[in-house]
Amino acid sequence: MGLHCCFAGTTIQTLKLVSVPSTMQSSSTAICSRLNHFKPPTITRSHRFPFLIRALSSPAVVDSTTTASVDSGVKPQWKAAIDFKSILENKSAVAENLKNRNSSANLELVLELYQRLLELQKEVEDLRYERNTVANKMKGKVEPLDRQRLIEEGKNLKEKLVTLEEELIKLTDALQREAQCIPNMTHPDAPIGGEDNSIIRKTVGMPRDFTFYIKDHVQIGKELDLFDFDAAAEVSGSKFYYLKNEAVLLEMGLINWTLSEVMKRGFTPLTTPEIARSFVVEKCGFQPRGDNTQVYSIEGSDQCLIGTAEIPVGGIHMDSILADSSLPLKYVAFSHCFRTEAGAAGVSTRGLYRVHQFSKVEMFILCRPEESNAYHEELIEIEEELFSKLGLHFKTLDMATGDLGAPAYRKYDIEAWMPGLGRYGEISSASNCTDYQSRRLGIRYRPENPTSPPTNLKKNKGRNVSPPEFVHTLNATACAVPRMIVCLLENYQQEDGSVVIPEPLRPFMGGIQVITPK
């Protein structure tokens, strides 16, 4: 996802900015008590161009586990295909990964809940067997006293079974809630540590040598009448803005130029819904509970404003089995994004650098597992090509483990030189999320030619069919508009107060070459 460090590990917040507290305690003694009071919310299960219908109409196979319920009336939460057996068998590696990523996930509680789940499942199976045995005894000729005794025994077994099944649902949901906090495993080559331990992969260009006083984008925008922060603060609050005059054309030009460039690489364009159900946000790997919130949630509903198009694009093929021949699926999506940016303030983030609402063009790929590393490289190459064409000076970073969001297996960031701010600022990122999101979203494909013989081939009309596997997902920012405007205004400012428009953008801005003082 683009600008990942601003959104990773995010949580949902209401439009009244009321955060939702954590529902789990780490103490093992509190598990049963918490389960008895656990009341999961009710979960219920686009805007497309006409020529995109074929690309978006892959057949969907709905997973019944997402809507299952029992006679007791207890409705389970969504169920992700988390590999608990693998977590148990690789406990040391998972624990080390949590440490390297500075994660607060409670591995011991997850394993404790998982062990209790296995025990409870065994109890339920044993009770079902006993109940069936009693039922079978009553089918034959039975003395009245014995029949009455069997009826009472069957009634008691049924009541115990209902109680255990309700507890099993609660325990399963609690396990899911805790386990989804465990982040993805990390690429072995990713540097370990905090953001300062990130490694520079590439540096492009050199900082421009100015022979006059350098202004920041806020001053430039004020003098050229491009922004209005004061009016936006009165209307909407701090960290909102109006774009005016040529800045509006610059935003539209950036969006249309970026879309046209990325579409040349075989990406299907999308516009997306800008409201998503909260459980879709969860399935994309972002936690909707906690205090450090980045996502606006709509009070009185299960919906929230998206912080990136990665969320609605990831949901397009939710609970689907894709045809092998359709892969890879490459999308480039335009959307508005909304982030609380809680706690983010200061001179270094003033103006357009960190705002609550912005336009963004996001790339998203679904592919076969063995191809995801190659597509990760392709995404960062596209980003580097775009920013090079705009004449920016930037560096590409292989981000350290402590700066990775929960879904990311590996993440590359691009930081561009912003002379007015006097520093590098993140303008883009590209993440390989492997099967972390697809397991939660239920996105699989059926290999036509599996690389290794499947262990359990299914027969379909006389021919062997490979079982479905989870796809890998990747995302990358092609253009986060406000920060691109910051870069362009500050790097292309002239001594007379004007700003030169980079050549590639001019045809998309009605031929404007220079923004001049009014």
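Residues numbered from 1 in each chain as written. Predicted model: local features only at pLDDT ≥ 70, side-chain atom pairs only at ≥ 80, totals over all residues. Heavy atoms only, no water.

By the naming in an unreviewed UniProt entry, the protein is serine--tRNA ligase, taken from Mikania micrantha.

Visitor: Describe the overall build of the protein, listing the residues and the values that go with them.
Guide: When you go through the protein residue by residue, the secondary structure sums to 14 helices and 21 strands. Per-residue burial over the protein gives 52% buried out of 518 residues. As displayed, the protein offers around 24100 Å² of accessible surface, 51% of which is attributable to carbon and sulfur atoms. (Helix = DSSP H or I, 4+ residues; strand = E, 2+ residues; numbered from the N terminus. Buried < 20%, exposed > 50% of the residue type's maximum accessible area, 1.4 Å probe, protein only. Areas by Shrake-Rupley, 256 points an atom, 1.4 Å probe, with all protein chains shown as cover.)

Visitor: A description of the packing of aromatic side chains should follow, citing residues and the corresponding values.
Guide: A complete count under the given rule lists 5 aromatic pairs for this structure. Arranged with centres 5.5 Å apart and planes meeting at 90°, the rings of F210 and F212 form a pair that is edge-to-face. For the residue pair F210 and F212, the accessibility class agrees, reading buried in each case. Aromatic pair W417 and Y424: ring centres 5.1 Å apart, planes at 65°, arrangement edge-to-face. The ring of Y424 has K395 sitting right over it, with the charged end atom 4.2 Å from the ring centre. (Phe/Tyr/Trp six-rings, centres within 6.5 Å; stacked < 30°, edge-to-face > 60°. Lys NZ or Arg CZ within 6 Å of the ring centre and 35° of its normal.)

Visitor: Pulling in residues and values, what's your account of the UniProt feature "binding site: L-serine" (unreviewed entry) in the protein?
Guide: Using the residue numbers shown here, the UniProt feature "binding site: L-serine" (unreviewed entry) corresponds to T308, R339, E362 and N475. Of the residues examined, T308 reaches a relative accessible area of 0% and is grouped as buried. Relative to the helices and strands, N475 is located in strand β19 (residues 472-480). Its relative accessible area of 0% is what places N475 among the buried residues. A polar atom in the side chain of N475 sits 3.3 Å from the side chain of E310. (UniProt positions renumbered as here; feature names shortened; annotations may be inferred. Polar contact = N/O pair within 3.5 Å; in protein donor to acceptor, adjacent residues only side chain to side chain.)

Visitor: With reference to specific residues and values, describe unusual backbone geometry.
Guide: A cis amide bond, omega 0°, links L327 with the succeeding residue P328. Position of P328 relative to the elements: it lies in the loop between β9 (320-323) and β10 (329-338). Even without being glycine, N102 reaches a positive phi, approximately 55°. As for its position among the elements, N102 is in the loop between α4 (91-100) and α5 (107-137). Relative accessible area serves as the criterion here: at 67%, N102 is assigned to the exposed category. Residues other than glycine seldom take positive phi values, yet D319 does so here, at roughly 55°. Position of D319 relative to the elements: it lies in the loop between α11 (310-315) and β9. Judged by relative accessible area, which is 4%, D319 ranks as buried.

Visitor: Explain the packing of α4 against α5 to me, and be specific about the residues and the numbers.
Guide: Where α4 contacts α5, the two axes come as close as 11 Å, and the packing angle between them is 145°. The segment α4 lies against α5, with K91, V94, A95 and L98 engaging L107, E108 and L111. The class makeup of the residues in the contact of α4 with α5 is 5 nonpolar, no polar and 2 charged. (Axes fitted to C-alpha atoms, helices over the stretch in contact; angles between N-to-C directions. Contact = heavy atoms within 4.5 Å. Nonpolar A, V, L, I, M, F, W, Y, C, P; charged D, E, K, R; others polar.)

Visitor: Outline the packing of α5 against helix α6 (residues 144-179), supporting the account with residue identities and numerical values.
Guide: Two elements in contact, α5 and α6, have axes separated by 9 Å at closest approach and are oriented at 160°. Comparing their axes, α6 and α5 come out roughly antiparallel. Here the hand of the crossing between α5 and α6 comes out left-handed. (Parallel < 35°, antiparallel > 145°, perpendicular 65-115°, else oblique. Left-handed = near helix turned anticlockwise from the far one by under 90°.)

Visitor: Outline the pattern of salt bridges, supporting the account with residue identities and numerical values.
Guide: Pairing is possible between side chains of opposite charge, provided their charged atoms come close. A complete count under the given rule lists 26 salt bridges for this structure. Taking the shortest distance from any N to any O, the salt bridge between D435 and R439 comes out at 3.0 Å. Under the relative-accessibility criterion, R439 is labelled partly exposed at 22%. Counted as one network, the salt bridges with shared partners bring together E261, K264, R265, E385 and K389. (Salt bridge = Lys/Arg side-chain N within 4 Å of Asp/Glu carboxyl O.)

Visitor: Describe helix α12 (residues 372-389), with residues and values.
Guide: End to end, α12 covers 26 Å across 18 residues, agreeing with the expected 26 Å (1.5 Å per residue, within 8%). Within α12, burial applies to S372, Y375, H376, E378, L379, I380, I382, E383, E384, L386 and F387. One or two positions beyond α12, positive phi appears at G391, with a value near 75°. (Expected span 1.5 Å × (residues − 1).)

Visitor: Outline the nonpolar core, supporting the account with residue identities and numerical values.
Guide: Core analysis: the biggest nonpolar cluster contains 58 residues, and L254, M363, L392, I427, I485 and L505 have the highest contact counts within it. Sorting the residues of this core by element identifies α9 (246-263), β10, β11 (357-367), α12, β13 (410-418), β14 (423-432), β19 and α14 (481-491) as the ones contributing at least two each. Ranked by size, the runner-up nonpolar core spans 27 residues in total, among them A80, L107, L109 and L111. (Core = buried A, V, L, I, M, F, W, Y, C linked by side-chain atoms within 4.5 Å.)

Visitor: Describe the sheet that holds strand β18 (residues 469-470), naming the residues involved and giving the relevant values.
Guide: In spatial order, the strands read β9-β15-β18; together these 3 strands make up an open sheet with mixed pairing. Edge positions in the open sheet fall to β9 and β18, since each of these has one partner strand only. Alignment of strand β15 (residues 443-446) against β18, held across 2 bridges, turns out to be antiparallel. Looking at β18, one finds that R444 is bridged to F470. (Pairing = 2+ DSSP bridges.)

Visitor: Can you explain the UniProt feature "binding site: ATP" (unreviewed entry) in the protein? Please cite residues and give values.
Guide: Taking the UniProt record as the reference, the feature "binding site: ATP" (unreviewed entry) is found at R339, T340, E341, V355, H356, Q357, F358, E426, I427, S428 and S429. Structurally, the position occupied by E341 is in the loop between β10 and β11. Considering the arrangement of structural elements, one finds E426 in strand β14.

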